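Residue-level listing of the chains:
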Amino acid sequence: MELASTQALLARLYTDQAFREAFMDDPELTSRPYRLGNIDLQKMIKLASGPALLFSRALIRKRFGHVASFLPATRRSMGKQMWEAFLGFAGHYNPKGVGRHLFDAIEFSTFLLKECKSQIDAPDWWQLVSKYEKTGLEALAAPFFLNIKFYKHDILRLYKSAGNPKNEYTGPPQLVVWYKLTPGSKVWNRHFYPRHWTN
């Protein structure tokens, strides 16, 4: 087996959870593009079931740390369930290039809201906080951005106090604006309170 093929296969085993699982299920089929001999194939099977798993988990843990830094309120709301959900997500999306951690966080947020919303044991408002947080990330990732959302109650207070299970979605309604004029510029984010409201 050529060195380039060896390195390519090792990289996939180390970093791509879905590929590693497919390799363990059917090593011969999965490794066919890499043209492994039987001896080399057995070495890779042994590697994938041992050191590769440990190294991969360390990489996923590091990747999770980057993603969680973009989703602090979601993490406070979900607790350890966020890590468990990320393990199910990590093998299905592999970010690359500049800003990969930001786009990883956006995709993970989408995954949580679509695939995990009925599985998370958290206050009912966790999805509202997650969507609010995701909108800010989408504004950060886009070259230009404008989004206006109306919230029935005080979303900013809810966001800041996420993590408190006794927290409630109450208070005055808010009109929230995210605005980005040019690529690379900061996101302008403002919360407006109508003068007349009922709780």
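Here the structure is shown first, and the text comes after it.
All figures in this text were calculated on a predicted structure; none of them were measured in a lab.

Parameters and conventions
Residues numbered from 1 in each chain as written. Predicted model: local features only at pLDDT ≥ 70, side-chain atom pairs only at ≥ 80, totals over all residues. Heavy atoms only, no water. Core = buried A, V, L, I, M, F, W, Y, C linked by side-chain atoms within 4.5 Å. Buried < 20%, exposed > 50% of the residue type's maximum accessible area, 1.4 Å probe, protein only. Helix = DSSP H or I, 4+ residues; strand = E, 2+ residues; numbered from the N terminus. Contact = heavy atoms within 4.5 Å. Salt bridge = Lys/Arg side-chain N within 4 Å of Asp/Glu carboxyl O. Axes fitted to C-alpha atoms, helices over the stretch in contact; angles between N-to-C directions. Parallel < 35°, antiparallel > 145°, perpendicular 65-115°, else oblique. Left-handed = near helix turned anticlockwise from the far one by under 90°. Nonpolar A, V, L, I, M, F, W, Y, C, P; charged D, E, K, R; others polar. Pairing = 2+ DSSP bridges. Polar contact = N/O pair within 3.5 Å; in protein donor to acceptor, adjacent residues only side chain to side chain.

## Structural notes on the nonpolar core
L71, M78, M82, F86, F108, L112 and W126 are the most contacted members of the largest nonpolar core, which totals 24 residues. No other element matches the seven residues that helix α8 (residues 100–115) contributes to this core. Not counting the four nearest positions on each side in its chain, W126 is found in contact with S77, M78, L112, L113, C116, K117 and I120. V129, Y132, Y151 and W178 belong to the second largest nonpolar core, which has 13 residues in total.

## Comments concerning the pattern of salt bridges
As enumerated under the stated definition, the model contains two salt bridges in all. E138 is paired through a salt bridge with K134; the nearest N and O atoms lie 3.7 Å apart. With a gap of four residues between them, E138 and K134 both fall in helix α9 (residues 126–141), about one helical turn apart. For E138, a relative accessible area of 28% translates into the label partly exposed.

## So, the packing of α8 against α9
For the pair α8 and α9, the least separation of the axes is 10 Å and the interaxial angle reads 150°. One finds that α8 runs roughly antiparallel with respect to α9. Every pair of crossing elements has a handedness; the one defined by α8 and α9 is left-handed. Side by side, α8 and α9 meet where L102, F103, A105, I106, S109, T110, L112 and L113 of the first sit next to W126, Q127, S130, K131, K134, L137, E138, L140 and A141 of the second. For the contact of α8 with α9, the per-class residue count stands at 10 nonpolar, four polar and three charged.

## Describing the packing of helix α2 (residues 17–25) against helix α4 (residues 38–48)
Between α2 and α4, the least distance of the axes is 10 Å, while the angle of their chain directions is 125°. The pairing of α2 with α4 is recorded here as oblique in orientation. Relative to α4, the crossing made by α2 is left-handed. When α2 is examined against α4, the residues R20, F23 and M24 are found in contact with a partner set consisting of L41, M44, I45 and A48. Of the residues that constitute the contact of α2 with α4, the class distribution is six nonpolar, no polar and one charged.

## Structural notes on the sheet that holds strand β1 (residues 145–151)
With antiparallel pairing, three strands are arranged side by side in an open sheet as β1-β2-β3. The open sheet terminates on both sides in strands that have one partner only, identified here as β1 and β3 (188–192). On average, adjacent strands in this sheet sit at an angle of 10° to one another, irrespective of strand direction. As paired elements, strand β2 (residues 174–180) and β3 share five bridges and run antiparallel to each other. The partner of V176 across the bridge, within β3, is H191.

## Brief notes about the side chain of T110
Of note, T110 is situated in helix α8. Judged by its relative accessible area of 18%, T110 is buried. Within polar-contact distance, the side chain of T110 engages the side chain of K134 at 2.9 Å.

## A word on the environment of R76
Take R76: it is sitting in helix α6 (residues 72–78). Distance in space between the C-alpha atoms of R76 and L137 is 17 Å, their sequence separation being 61 residues. Leave out the neighbours within four places in its chain, and R76 touches Y159, K160, A162 and G163. Separated by 2.7 Å, the side chain of R76 and the backbone oxygen of A162 make a polar contact.

## Comments concerning the environment of A48
Looking at where A48 falls in the secondary structure, it is placed in helix α4. On the basis of relative accessible area, A48 is assigned to the buried category, the value being 1%. For the pair A48 and K62, spaced 14 residues apart in sequence, the C-alpha to C-alpha distance is 19 Å.

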